[in-house]
2 protein chains.
Amino acid sequence: MQHYFVDQPLTIGQSIDLPQNISRHLGKVLRAEVGDHFELVGQNHHVYEAQISRLLGNQVAADIIKSLDKNVELPVNVTIVSGLSKGNKPEWIVQKATELGVLHVIFLPMDWSIVKWDQKAAKKITRLSEVALSAAEQSHRNVVPTVEYLSGLTELYHRDFDVRLVAYEESAKRGEETNLVKAVRQTTTGSSMVAVFGPEGGVSPVEISGLVDHGFVLAGLGPRIMRTETAPLYFLSAISTLTELI
Amino acid sequence: MQHYFVDQPLTIGQSIDLPQNISRHLGKVLRAEVGDHFELVGQNHHVYEAQISRLLGNQVAADIIKSLDKNVELPVNVTIVSGLSKGNKPEWIVQKATELGVLHVIFLPMDWSIVKWDQKAAKKITRLSEVALSAAEQSHRNVVPTVEYLSGLTELYHRDFDVRLVAYEESAKRGEETNLVKAVRQTTTGSSMVAVFGPEGGVSPVEISGLVDHGFVLAGLGPRIMRTETAPLYFLSAISTLTELI
């Protein structure tokens, strides 16, 4: 079933006029018909089953017919912080991170970032938020991840997170669990966790010491060198494995 | 340090003429100089440190100066089987899976594949093998993953694997570890594991029953719906988490 998000409270029995983007997608792209069913997520992140009651051009109305007991969110609220990287990497970090359960993605310039956003930032964030929305629809999320631009790491220091990590080679002792595993074991449902990932050049020594001074723990992600866009996906998959599979 | 693979045995003290692709990359792309160091992996998958001894146009010679105790391979030998998918998805499945430690990637047509390779297969595999090589160089692997095309799933049934999985929604009982975790716990260092991933359309019921008849176990990958190119990356990250981080 198709899966859409609306920014309003929903209740069973309610009849609503769908916003234009959803109406157009159902009516024009999918050529849906009266009586067709789809999933609709309301303001409270709860999933309902809806049925099309009326189709007039670009205006589609639907009835909320039942509540679906679906929650696909990670038990931990994960924020990914990514140093500005080249090309379309930010787009697919957002797309893949959304499929993998991220709640919040922050992009910011870091010492070794080759690209700058500056004035382009607002436009980029708008575009990346659209990517997050369509990925959240495709992966049937209960929440659409938010995407944000910060001017630098220091803006991050004052934010409130239960667990703070930076992806970096750690001095792992033989037989000891890695800091990532230890960190996840500290969390409980609803805990917030942030992880910082460097750009192509990596995280600079100055940035590392600044992060460590502000309570960030160095967390290794296995022995292989991963590209800047791959590391956050490994990280999110690891969180899911440790909290949803085990 | 740069990291290259040569298809010959290496020993300390040995002096070798580097193949043209490596010579060109060092000499023309990186403008390396005599005395520069780099990593060279020989036939036995062992990593050595080498030093450039001579640069003549496109011909670079180097001395093997020391053995490096580096092994970044997953303890389990993982084969990813991917139903033919559209666009450049195969390319980046190979690239990312290589970064994440895969040993062997197989592409094959499945019931719900929209694309066909047929005559194009040989050319595609050549290109995908180049992608695997450069990703293996970037992620400093000990082994370059192999890429292969099979005409269908049945060709897979007669291959020898210790653990066989197909990525599919499983009927997970509350509080029970998932089949993926159980499967990894069954493995020991050197065990071989294969996992089948459907194309955009997914795995057909006929394919599922055929796979199950041949010893494949349904393994869920968490509650979120992932795209065909994302699921193998989640899978490899999960294997790494369970065998390298815990």
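Everything numeric in this text was worked out from a predicted model, so none of it was measured.

A. Examining the sheet that holds strand β11 (residues 217-219) of chain B more closely. Residues and elements named next belong to chain B. Across the sheet, which stays open at both edges, the six strands sit in the order β8-β7-β6-β10-β9-β11 with parallel pairing between neighbours. Of all strands in the sheet, those bounded by a partner on one side alone are β8 (146-149) and β11. Ignoring which end each strand starts from, the neighbouring axes of this sheet average 25° apart. In the packing of helix α2 (residues 89-99) onto the sheet, contacts are made with β6 (77-83), β7 (104-108) and β8, and the angle to β7 comes to roughly 165°.

B. Examining the interface of chain A and chain B more closely. Between chain A and chain B, the residue contacts involve 39 residues of the former and 38 residues of the latter. Across the chain A/chain B interface, buried area totals approximately 3200 Å², and carbon plus sulfur atoms make up 58% of it. Joining chain A to chain B, the criterion identifies six salt bridges. Across the salt bridge formed by A:Glu99 and B:Arg227, the nearest N and O atoms sit 3.3 Å from each other. Contributing elements (two or more residues each) for the side of chain A that touches chain B: α2 (89-99), α3 (121-138), α5 (179-186) and α7 (231-245) of chain A. In terms of residues, the side of chain A that touches chain B owes the most to one element, α7(A), which gives nine residues. Class assignment for the residues of the side of chain A that touches chain B results in 17 nonpolar, 12 polar and 10 charged.

C. The arrangement of the pairing of strand β10 (residues 192-197) of chain B in detail. All names here are of chain B. Most of β10 sits out of view: six of its six residues are buried. The side-chain alternation of β10 yields two buried faces, one formed by Ser192, Val194 and Val196 and the other by Met193, Ala195 and Phe197. Pairing analysis gives six bridges linking β6 to β10, with the strands arranged parallel. Of the residues in β10, the one forming a bridge with isoleucine 80 is alanine 195. Across four bridges, strand β9 (residues 163-167) lies against β10 in parallel orientation. Paired with valine 163 across the bridge in β10 is methionine 193.

D. Geometry of the relation of the copies chain A and chain B. Each copy superposes on the other: chain A lies on chain B with an RMSD of 0.0 Å after a rotation of 180° and an axial shift of 0.0 Å. The transformation relating the two chain copies, once decomposed into turn and shift, fits a two-fold axis. Looking at chain A, 97% of its interface residues are interface residues in chain B too, so the copies touch through the same face.

Conventions we followed
- Residues numbered from 1 in each chain as written.
- Chains lettered and ligands numbered in written order.
- Predicted model: local features only at pLDDT ≥ 70, side-chain atom pairs only at ≥ 80, totals over all residues.
- Heavy atoms only, no water.
- Pairing = 2+ DSSP bridges.
- Helix = DSSP H or I, 4+ residues; strand = E, 2+ residues; numbered from the N terminus.
- Axes fitted to C-alpha atoms, helices over the stretch in contact; angles between N-to-C directions.
- Contact = heavy atoms within 4.5 Å.
- Buried area = accessible area lost by both parts, 1.4 Å probe.
- Salt bridge = Lys/Arg side-chain N within 4 Å of Asp/Glu carboxyl O.
- Nonpolar A, V, L, I, M, F, W, Y, C, P; charged D, E, K, R; others polar.
- Buried < 20%, exposed > 50% of the residue type's maximum accessible area, 1.4 Å probe, protein only.
- Least-squares fit on C-alpha atoms with pLDDT ≥ 70 in both.

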